[in-house]
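A structural walkthrough
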Amino acid sequence: MNLRTLDYFVAVGEELSFTRAAARVHIQQAPFSQAIRKLEEQVGAVLLKRNTRGVELTEAGLAFLAASRGILQSYTDGVRAAQLAGKGLSGRLRVGYVAYAAYDLLPHIVRAFREACPQVALSLRQLISGEQIELIRRGELDAGMIRPAELPADVNQSLLLSEPFVCALPDKHRLAGRRRIRVRDLQGEPFIMLPSQPRTGFYRQIESILSVAGVVPRVVQEALQLDTMVGLVSAGIGVAIVPASVRRRSTEGVVFCDLDGTQARAEIRFVWKGGEESAAMRNLLVVARQARLRFAKGKRPARSC
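Residues numbered from 1 in each chain as written. Predicted model: local features only at pLDDT ≥ 70, side-chain atom pairs only at ≥ 80, totals over all residues. Heavy atoms only, no water.

Quick word on the overall build of the protein chain
Across its full length, the protein chain carries ten helices and twelve strands. Here the protein chain has a C-alpha radius of gyration of 32 Å; the compact-globule value for 305 residues is 19 Å, and the former is much larger. For the protein chain, the residues scored as buried account for 43% of the 305 residues in total. By sequence separation, contacts in the protein chain at least 24 residues apart represent 72% of the contacts at least 6 residues apart. Accessible surface computed for the protein chain: about 15900 Å², of which carbon and sulfur atoms make up 49%. Here the protein chain contributes 43 positively and 29 negatively charged side chains, and the mean placements of these two sets differ by 5 Å. (Helix = DSSP H or I, 4+ residues; strand = E, 2+ residues; numbered from the N terminus. Rg over C-alpha atoms; globule rule 2.2 N^0.38 Å. Buried < 20%, exposed > 50% of the residue type's maximum accessible area, 1.4 Å probe, protein only. Contact = heavy atoms within 4.5 Å. Areas by Shrake-Rupley, 256 points an atom, 1.4 Å probe, with all protein chains shown as cover. Lys, Arg positive; Asp, Glu negative; His and termini not counted. Charge placed at Lys NZ, Arg CZ, Asp CG, Glu CD.)

Some points on the packing of aromatic side chains
On inspection of all chains with the given rule, the structure shows six aromatic pairs. Seen from their ring centres, phenylalanine 9 and phenylalanine 64 are 5.3 Å apart, and the 65 degrees between their planes marks the pair as edge-to-face. Residue phenylalanine 9 is located in helix H1 (residues 3–15), and its partner phenylalanine 64 is located in helix H4 (residues 59–86); the two are separated by 55 residues in the primary sequence. Across the pair, phenylalanine 64 and phenylalanine 9 agree in class, each one buried. Arranged with centres 5.8 Å apart and planes meeting at 45 degrees, the rings of phenylalanine 270 and tryptophan 272 form a pair that is tilted. (Phe/Tyr/Trp six-rings, centres within 6.5 Å; stacked < 30°, edge-to-face > 60°.)

Details of helix H8 (residues 201–212)
When the terminal C-alpha atoms of H8 are compared, their 16 Å separation across twelve residues agrees well with the 16 Å that a helix rising 1.5 Å per residue should span. Listed in full, the buried residues belonging to H8 are Phe202, Tyr203, Gln205, Ile206, Ile209 and Leu210. End-on view of H8: buried residues confined to an arc of 165 degrees, all on one side of the axis. Exposed side of H8, more than 90 degrees from the buried face: Ser211 and Val212 are the residues found there. Contacts made by the buried residues of H8 are with helix H5 (99–103), strand S6 (155–170), strand S8 (190–193), helix H9 (226–234), strand S10 (240–243) and strand S12 (265–273). Within two residues after H8, glycine 214 carries a phi angle of roughly 80 degrees, on the positive side. (Expected span 1.5 Å × (residues − 1). Arc of directions from axis to C-beta.)

Describing the side chain of arginine 147
Counting through the fold element by element, arginine 147 comes out in the loop between strand S5 (143–146) and S6. For the buried arginine 147, which has no salt bridge, the nearest side chain bearing the opposite charge is glutamate 267, at an N-O separation of 7.1 Å. For arginine 147, the side chain forms a polar contact with the main-chain oxygen of glutamate 267, separated by 3.4 Å. Every residue in contact with arginine 147, bar those within four places of it in the chain, is listed here: Val98, Tyr100, Ser129, Gly201, Phe202, Gln205, Ala266 and Glu267. (Salt bridge = Lys/Arg side-chain N within 4 Å of Asp/Glu carboxyl O. Polar contact = N/O pair within 3.5 Å; in protein donor to acceptor, adjacent residues only side chain to side chain.)

Notes on a nonpolar patch on the surface
Taken together, the side chains of Leu3, Ile71, Tyr75 and Val79 define a hydrophobic patch exposed on the protein surface, amounting to about 330 Å² of accessible area. The dominant element in the nonpolar patch, judged by the number of residues it contributes, is H4, at three residues. Along the chain, tyrosine 75 falls in helix H4. (Patch = residues over 30% accessible without salt bridge, like charges linked within 9 Å, V, L, I, M, F, W, Y side chains within 5 Å.)

Some thoughts on the pattern of salt bridges
On inspection of all chains with the given rule, the structure shows 16 salt bridges. A salt bridge links arginine 24 to glutamate 15; its shortest N-O distance comes to 3.1 Å. If you follow the salt bridges from partner to partner, you end up with Glu14, Glu15, Arg20, Arg24 and Arg69 in one network.

What to know about the side chain of glutamate 189
Looking at the element boundaries, glutamate 189 is found in the loop between strand S7 (180–182) and S8. Polar contacts involving the side chain of glutamate 189 include one to the side chain of arginine 174, which spans 2.9 Å. Glutamate 189 has contacts with His173, Arg174, Arg218 and Val239, leaving out every residue within four places of it along the chain.

Description of the environment of valine 215
Looking at the secondary structure, you find valine 215 in the loop between H8 and strand S9 (218–222). With a relative accessible area of 3%, valine 215 lands in the buried category. For the pair valine 215 and valine 183, spaced 32 residues apart in the sequence, the C-alpha separation amounts to 7.6 Å. Residue contacts for valine 215: discarding those within four places in its chain leaves Val183, Arg184, Leu186, Gln187, Phe191 and Leu210.

Some points on unusual backbone geometry
Where the residue is not glycine, phi is negative for most of them; where a peptide bond is considered, it is trans in most cases. Here leucine 16, not a glycine, exhibits a phi torsion of approximately 55 degrees, which is positive. One can find leucine 16 in the loop between H1 and helix H2 (18–24). Its identity is not glycine, yet histidine 26 carries a phi of approximately 60 degrees, on the positive side. Structurally, histidine 26 is set in the loop between H2 and helix H3 (29–43).

Geometric values such as these leave the question of function open.
Below is the structure:
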């Protein structure tokens, strides 16, 4: 008994005619009838009643027809599932990200990936860079979007975003009319900063920008999220140094000025465990790299990949 024989039986069970069933499956009637008789022998039950008017299904035949349809459908579904998985168009991916990635880059990558691979479930977790690296090594995350960090040899990386820092100022600020300002011009200003604990790489980078210019920040407020920092700037609480992509979101009462006196850049890197890329993972990497290219040109990623 094989799938072809089951297909023969479903054909005769639906057509109720050996002639029409044989034509439907593109086989001569004699070998078709022989295959059905052999099937009945293997099953150990009479499945069909043959008479001058054609063919009727016995009770055993009706039961076997339903089972045969289910087997054939399961086989078809299995083939389809395997094909989708082999092309990376099904399955599940667990992806970590730092808060900075969620501000602009991550939503566009997720949208493009879901349009390209709608049957792949994305599970997203906001984690600091070190946590993502550890979970990737343990197999509990498939990929991550992190700030620059030292990586173990078995974790691969690809640069997704590299951009300068800018200064967010209240629109009534004394420096707001300038397109560019020097970092040292911010001496004595009230600053809105990321929390000093935990001392993240992002915090250390902003601290270094100010330190190199001889600026000691007078921190008046800490905030966990870039959106919150910019909102506080719009309220006139202070100034903030943020990645340039933040200016893509217009916020009333805030102006952004380029910074002279620093070459520092905010970066996001895509990381994954080397040598263990699934097809879905490779598709996600392609989408992420396309997003990187569009951001490098100063454009938002396209709606489809």
